[in-house]
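Structure assessment
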Amino acid sequence: KGIRIGIAPAGCTGYKYVIEYVDQENRDDHCTEQKGVKVFIDAKSYFGLKDSVVEFRTEGLNSGLDIVNPNTRDTCGCGESFSI
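Structure report, in brief. (Residues numbered from 1 in each chain as written. Predicted model: local features only at pLDDT ≥ 70, side-chain atom pairs only at ≥ 80, totals over all residues. Heavy atoms only, no water.)

All right, on to the overall build of the protein chain then. Within the protein chain, the secondary structure is distributed over 1 helix and 8 strands. Secondary structure of the protein chain in N-to-C order comes out as β-β-β-β-α-β-β-β-β. A compact globule built from 84 residues should have a C-alpha radius of gyration of about 12 Å, and the protein chain, at 13 Å, falls within 12% of that. A principal-axis box enclosing the C-alpha atoms of the protein chain has dimensions of 35 × 35 × 20 Å. The burial tally for the protein chain puts 27% of its 84 residues in the buried class. Accessible surface, the protein chain: about 6,100 Å² in total, of which carbon and sulfur atoms supply 47%. (Helix = DSSP H or I, 4+ residues; strand = E, 2+ residues; numbered from the N terminus. Rg over C-alpha atoms; globule rule 2.2 N^0.38 Å. Buried < 20%, exposed > 50% of the residue type's maximum accessible area, 1.4 Å probe, protein only. Areas by Shrake-Rupley, 256 points an atom, 1.4 Å probe, with all protein chains shown as cover.)

Phi angles above zero are rare outside glycine, and lysine 35 is one such case at about 50°. In this fold, lysine 35 is placed in the loop between strand 3 (30–34) and strand 4 (37–41). Phi at aspartate 51 is positive, roughly 70°, even though this residue is not glycine. You can see aspartate 51 is positioned in the loop between helix 1 (43–49) and strand 5 (53–59).

Further remarks concern the pattern of salt bridges. What the rule picks out here adds up to 4 salt bridges. The partner of arginine 4 in a salt bridge is aspartate 29, with the nearest N and O atoms 2.6 Å apart. Residue arginine 4 is found in strand 1 (residues 2–10), and its partner aspartate 29 is found in the loop between strand 2 (14–22) and strand 3; the two are separated by 25 residues along the sequence. With respect to class, arginine 4 is no different from aspartate 29; both count as buried. With its nearest N and O atoms 3.3 Å apart, the salt bridge here joins arginine 57 to aspartate 66. Given a relative accessible area of 36%, arginine 57 falls into the partly exposed group. Under the relative-accessibility criterion, aspartate 66 is labelled partly exposed at 27%. Salt bridges here are not isolated pairs; linked through shared partners, they connect Arg4, Glu20 and Asp29. (Salt bridge = Lys/Arg side-chain N within 4 Å of Asp/Glu carboxyl O.)

Right under this line is the structure:
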């Protein structure tokens, strides 16, 4: 049905992004659709992802989703976790 993007406690800075495929929308999910892809954000993660932009990027041989989050205050040195 789409993908769910959320945040979870992790790392030295506080949170990490969690991305998974979903077959069913949860009752409290926020949902948006862009270019035929449904993106679900659970209610607990919404405060930390509000106004974020999700982009598919390709750099050299690597490709994947990049989350540009205006709510991020700091990131750890390795870039795996962030604070809000």
